[in-house]
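One-letter residues, chain by chain:
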Amino acid sequence: MSAFTRRALLSATMVMPVAALAQTPTPTGAYLYIIWPNEGEKIKGGFWCRFGLRNMGVARAGDRTPNTGHHHLLVDVDAPLDPNEPIPSDKNHLHFGGGQTEVRLELPPGEHTLQLVLGDADHKLFKPPVISRKIHITVLAAPEQAAAPPTGRARAESPPTPAPR
Ligand SMILES: [Cu+2]
């Protein structure tokens, strides 16, 4: 490959859409992470997922204070996010525009992934993106409901007494 061709290819890949320039710059040292659960955690039932952020502040959606953003939790998301568009809002892309730093999750039994993404005032990615490691968890099936009594002596059930009016 000639030097000219290489240079032409390089400059072609450097061309960026104008909208990308509108992204909010990421401050030095920004670090987003999931405090809990841990990678590989096996969880029974509902749980609290807690969000950690270093060297930036948490604000409400729409707040343009420099070096702040709000959390987004991606549940079972594999598709990459478009840096030029707001982060989608659906059951797999949860927004915390009130500045929340934790959420109670009830996920169906099975394997799931969780990943945090910080969004700016307009729900868009910072540049470069402030995004956590993706963790893998397993939600265990709930234990069997009200099995037979532990002893063999089944008690005769009396009909319920009507409540006094
Ligand atoms: Cu948002």
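Residues numbered from 1 in each chain as written. Predicted model: local features only at pLDDT ≥ 70, side-chain atom pairs only at ≥ 80, totals over all residues.

Asker: With reference to specific residues and values, describe the overall build of the protein.
Answerer: A tally of regular secondary structure across the protein gives 1 helix and 9 strands. Written out in order from the N terminus, the α and β elements of the protein read α-β-β-β-β-β-β-β-β-β. Each of the 165 residues in the protein was classed as buried or not, and the buried ones make up 17%. (Helix = DSSP H or I, 4+ residues; strand = E, 2+ residues; numbered from the N terminus. Buried ≥ 20, exposed ≤ 12 C-beta atoms within 10 Å, placed from the backbone.)

Asker: Can you lay out the nonpolar core for me, pointing to particular residues and giving the numbers?
Answerer: Membership of the largest hydrophobic core comes to 17 residues, with the highest contact counts inside it found for Leu32, Ile34, Leu73, Leu114, Leu116, Val117 and Leu118. Take this core: its biggest share by element is 4 residues, from strand 8 (residues 110-119). Aside from chain neighbours lying at most four places away, what touches isoleucine 34 is Cys49, Phe51, Gly52, Leu114, Leu116, Ser132 and Ile135. (Core = buried A, V, L, I, M, F, W, Y, C linked by C-beta atoms within 7 Å. Contact = placed C-beta atoms within 7 Å.)

Asker: Got a sec to walk through the sheet that holds strand 1 (residues 31-36)? Specific residues and values, please.
Answerer: The sheet built from 3 strands is open, its strands ordered 1-3-7 with antiparallel pairing. Strand pairing shows two members of the sheet lacking a second neighbour, strand 1 and strand 7 (102-105), which therefore form its edges. Ignoring strand direction, the axes of neighbouring strands in this sheet form an average angle of 25°. Bridge count between strand 3 (residues 47-54) and strand 7: 4 bridges; the pairing is antiparallel. Bridged to arginine 50 within strand 7 is glutamate 102. (Pairing = 2+ DSSP bridges. Axes fitted to C-alpha atoms, helices over the stretch in contact; angles between N-to-C directions.)

Asker: I'd like a description of the pairing of strand 8, backed by residues and values.
Answerer: On any regular strand, side chains alternate: one points to one face of the sheet, the next to the other face. Judged from the 6 bridges that link them, strand 5 (residues 68-75) and strand 8 form a sheet pairing that is antiparallel. If you follow leucine 74 over to strand 8, its bridge partner there is glutamine 115. Bridge count between strand 8 and strand 9 (residues 135-140): 5 bridges; the pairing is antiparallel. Residue pairing across strands places threonine 113 opposite histidine 136, the latter belonging to strand 9.

Asker: Please give an account of the confidence of the model for the protein that cites residues and values.
Answerer: In regions of low pLDDT, the predicted coordinates are not meant to be interpreted in detail. Per-residue confidence for the protein gives a mean pLDDT of 85; residues scoring 70 or more make up 73%. Low confidence marks residues 8-20, where pLDDT is under 50. Its contacts with residues over four positions away, or in another chain, come to 4 contacts. (pLDDT = per-residue confidence, 0-100.)

Asker: I'd like a rundown of the environment of leucine 118, residues and numbers included.
Answerer: With respect to the helices and strands, leucine 118 occurs in strand 8. Along the backbone, leucine 118 and serine 132 are 14 residues apart, and their C-alpha atoms lie at a distance of 8.7 Å. If sequence neighbours within four positions are ignored, leucine 118 has contacts with Leu32, Leu53, Gly69, His71, Phe126 and Val130.

Asker: Residue-level account of the environment of glycine 99, with values.
Answerer: When you line up the elements, glycine 99 lands in the loop between strand 6 (93-95) and strand 7. The exposure class assigned to glycine 99 is partly exposed, which follows from the 15 C-beta atoms found within 10 Å. For the pair glycine 99 and alanine 61, spaced 38 residues apart in sequence, the C-alpha separation works out to 7.4 Å. Apart from the residues within four sequence positions on either side, glycine 99 is in contact with Val58, Ala59, Arg60 and His70.

Asker: Talk me through unusual backbone geometry; I want residue IDs and the actual numbers.
Answerer: The omega torsion of the bond from tryptophan 36 to proline 37 falls at 0°, within 30 degrees of zero and hence cis. Examined against the element boundaries, proline 37 turns out to sit in the loop between strand 1 and strand 2 (42-44). Here the residue pair lysine 127 and proline 128 is connected by a cis peptide bond, since its omega of -5° sits within 30 degrees of zero. Inspection of the secondary structure puts proline 128 in the loop between strand 8 and strand 9. Although it is not a glycine, histidine 123 adopts a positive phi angle of roughly 65°. Relative to the elements of secondary structure, histidine 123 occurs in the loop between strand 8 and strand 9.

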